[in-house]
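Residue-level structural notes
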Amino acid sequence: MSMCIATYRAFDEKADFDKKALSIAVGLTVGSWTELPEAQKASMEKHLGKVLSVTVHEPKDAARYADIVIGYPDINFSRDIPALLVTIFGKLSMDGRIKLIDIDVSEDFASAFPGPKFGLQGVRDLVGVQDRPLLMSIFKSVVGYDLNGLQEQFYQQALGGVDLIKDDEILFENPLTPIEKRVEVCMEAARKAQEVTGQKLLYAVNLTGPTSKLAEQAKKAIAAGANALLFNTLSYGFDVLHELSSDPDINVPIASHPALAGAIYPSAYYGMSPAVLLGKLNRLAGADLVLFPSPYGSVVMPKEENLAIDAALKQPLHHLKQSMPVPSAGIHPGIVPLIMKDFGHDVVVNAGGGIHGHPMGTAAGGRAFHQAIQACLQGVSLEEAATKPQHDELAAAIQAWEIKQS
Ligand code: 1AE
């Protein structure tokens, strides 16, 4: 029987976890089982959830818990993320201390999802960079800017040689910088900067507004020259990302922003793990790039959670392309060695304040990051790299922010 498998961590000092597991498997599928007549039981068998394992942990210095693994017959739900989530964690998410820590969707379920159109390799191909981590810069403080101001900030970022520039997620549709005008002026600045840097560049413009207008907005932006989109996935829902990413006319990479995710993943006892929420669901829904907090910057997530997201985005998952991880928030050049140690080369180093706040200016901020990335690739410490000729930008960045040790 084809099934999607959910793993939960349930906390309780006294509970009989076997009983709890059975009540989940039955309660979220056929309802009350024991009260059914035998004939009905036989016909309902194919819908019944299966307890696959229950492993109880009784740590001396922490709460008692069990990891419970349940299989849900695919026959019970349609091939969409809302149906999957409501089945495996709908009512259950409100039923005491229980967290959804993993999902394994079946081949059959996954077959309804094209996944990332470009993925990690496609994004590399678009910017023409194969042999190093990519570098992304974030527009900052642009609410209230006009098109000229925006274009100048874009140009300065692009001059630093970044591979991608993303809108700030709080820049919404507005009369001063409507999406198609934003795209026109920024892509013009990208072309000008490319003449200087030689670097191709993706601009992930923030796709916002009512859900019913998103596809139209995306197509308007693409017609104006947009070559990537930023999307606040959690506020709209994964199904909306899936709709956008599987639209054949939306043929640019989509970067999924994690805004609101903190309402769901941080508790040990409730919600969903970052690997499910930001890893597997984003990939299934078609995110080419996935942003999330790193362990090292201003908004942090434990390192093991970061590594679990990385695995969820990159490990084989049916036919789905890999998504590119983008650890973010408060990143500066002194953090680059830690990021490359955790993620290897297949990562986007992403910074806003760490670029615009550089003592020598925005363009120098991008160059400082490139110098840090090159040093790591060559196995040279940042301290040593900063003393080399033409590495003043890295030296200034380290002076400003220091080198993070762990
Ligand atoms: C986790 C998302 C981070 C983000 O979107 C953002 O704008 C970060 O800005 P900085 O690098 O912290 O200034």
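Numbers given for residues are sequential positions, taken from 1 along each chain in its written order. Local features are withheld for residues below a pLDDT of 70 in this predicted model, meaning they are given only at 70 or higher, and side-chain atom pairs are given and counted only at 80 or more; totals for whole chains, interfaces and linings count all residues. Computation of side-chain values: all heavy atoms of the structure, hydrogens and water removed.

1. Looking at the sheet that holds strand S13 (residues 348-351)
Note on sheets: strands pair through backbone hydrogen bonds, and any given pair is parallel or antiparallel. Paired strands, in this sense, are two strands between which DSSP finds at least two bridges. Each helix is a run of DSSP H or I of at least 4 residues and each strand a run of E of at least 2, with the numbering of both proceeding from the N terminus. Pairing is parallel in the open sheet, where eight strands are placed in the order S12-S11-S9-S8-S7-S6-S5-S13. Of all strands in the sheet, those with a lone pairing partner are strand S12 (324-328) and S13, marking the two edges. Between one strand axis and the next, the sheet turns through 25 degrees on average, direction left out of account. Pairing geometry for strand S8 (residues 228-232) and strand S9 (residues 254-257), over four bridges, is parallel. The residue of S9 that forms the bridge with Asn232 is His257. Where helix H10 (residues 238-245) meets the sheet, its contacts fall on S8 and S9, and the angle it forms with S9 comes to roughly 170 degrees. Axis definition: a line fitted to C-alpha atoms, over the contacting stretch in the case of helices. Angles run 0 to 180 degrees between N-to-C directions. The contact criterion used throughout is that any non-hydrogen atoms of two residues lie within 4.5 Å.

2. Focus on the site of the ligand
Nearness of a residue to a molecule or strand requires only that one of the residue's heavy atoms be within 4 Å of it. Surveying the vicinity of the ligand reveals 13 residues, the closest of which are Lys140, His257, Gly330, Gly352 and Gly353. Counted as a polar contact is a pair of N or O atoms within 3.5 Å, where, for protein atoms, one must be capable of donating a hydrogen and the other of accepting one, and residues adjacent in sequence contribute only when both atoms are in side chains. At 3.3 Å from an oxygen atom of the ligand is found a side-chain nitrogen or oxygen belonging to Glu169. Gly353 is positioned such that a nitrogen or oxygen atom in its backbone is 2.8 Å from an oxygen atom of the ligand. With residues, only the protein chains shown are counted as cover, and all accessible areas are computed by Shrake-Rupley using a 1.4 Å probe. In isolation the ligand offers 370 Å² of accessible surface; the protein chains occlude 86% of this area.

3. Overview of helix H7 (residues 179-197)
For a helix, the expected span equals 1.5 Å multiplied by the residue count minus one. Helix length check: H7 (19 residues) gives 26 Å between terminal C-alpha atoms against 27 Å at 1.5 Å per residue, within 8%. Think of it in three bands: residues with accessible area under 20% of the maximum for their type are buried, residues over 50% are exposed, and the middle band is partly exposed, with areas taken using a 1.4 Å probe on protein chains only. Every buried residue of H7 is listed here: Ile179, Arg182, Val183, Val185, Cys186, Met187, Ala189, Ala190 and Ala193. Those residues of H7 that are buried lie in contact with helix H6 (147-159), strand S7 (202-206) and helix H8 (214-223). Once H7 finishes, Gly198 follows within two positions and takes phi at roughly 75 degrees, a positive value.

4. Some remarks on the nonpolar core
By nonpolar core is meant a set of buried Ala, Val, Leu, Ile, Met, Phe, Trp, Tyr and Cys residues that side-chain atoms within 4.5 Å join together. The biggest cluster of nonpolar side chains holds 106 residues, and the ones touching the most others in it are Tyr8, Tyr72, Ile88, Leu100, Ile103, Phe154 and Leu278. By residue number, the principal contributor to this core is H7, which donates eight residues. Every residue in contact with Ile88, bar those within four places of it in the chain, is listed here: Ala6, Tyr8, Leu28, Tyr72, Leu100 and Ile103. Val129, Leu291, Met324 and Val326 belong to the second-largest nonpolar core, a separate cluster that totals 18 residues.

5. Quick look at the pattern of salt bridges
Any Lys or Arg side-chain nitrogen found within 4 Å of a carboxyl oxygen on Asp or Glu counts as a salt bridge. By the definition in use, this model includes 16 salt bridges. Between Asp163 and Arg132 there is a salt bridge whose closest N-O contact spans 2.8 Å. Note that Asp163 is positioned in the loop between H6 and strand S6 (164-166) and Arg132 in the loop between helix H5 (119-127) and strand S5 (134-138), a separation of 31 residues in sequence. The residues Asp163 and Arg132 share a single accessibility class, namely buried. Of the charged contacts, one joins Lys166 and Glu169 as a salt bridge, the two residues approaching to 3.4 Å between their closest N and O atoms. Note on Lys166: relative accessible area 1%, which makes it buried. By sharing partners, the salt bridges in this structure join Asp102, Asp104 and Lys280 into a single network.

6. A few points about unusual backbone geometry
One non-glycine residue, His318, lies in positive phi territory at about 50 degrees. Along the polypeptide, His318 turns up in the loop between helix H12 (303-314) and S12. His318 gets classed as partly exposed once you look at its relative accessible area, which sits at 34%. Phi angles above zero are rare outside glycine, and Glu402 is one such case at about 65 degrees. Relative to the assigned elements, Glu402 resides in the segment after helix H17 (392-401). Assessed through its relative accessible area of 55%, Glu402 is described here as exposed.

7. Re the packing of helix H15 (residues 362-377) against H17
Between H15 and H17, the shortest axis-to-axis distance is 8 Å and the interhelical angle comes to 95 degrees. Taken together, the axes of H15 and H17 are roughly perpendicular relative to one another. Along its contact with H15, which presents Ala364, Arg367, Ala368, Gln371 and Ala372, the element H17 presents Asp392, Glu393, Leu394 and Ala397. Classification used: nonpolar for Ala, Val, Leu, Ile, Met, Phe, Trp, Tyr, Cys and Pro, charged for Asp, Glu, Lys and Arg, polar for all others including Gly. Per-class residue counts for the contact of H15 with H17 are five nonpolar, one polar and three charged. For classification purposes, angles smaller than 35 degrees are called roughly parallel, those larger than 145 roughly antiparallel, those between 65 and 115 roughly perpendicular, and all remaining angles oblique.

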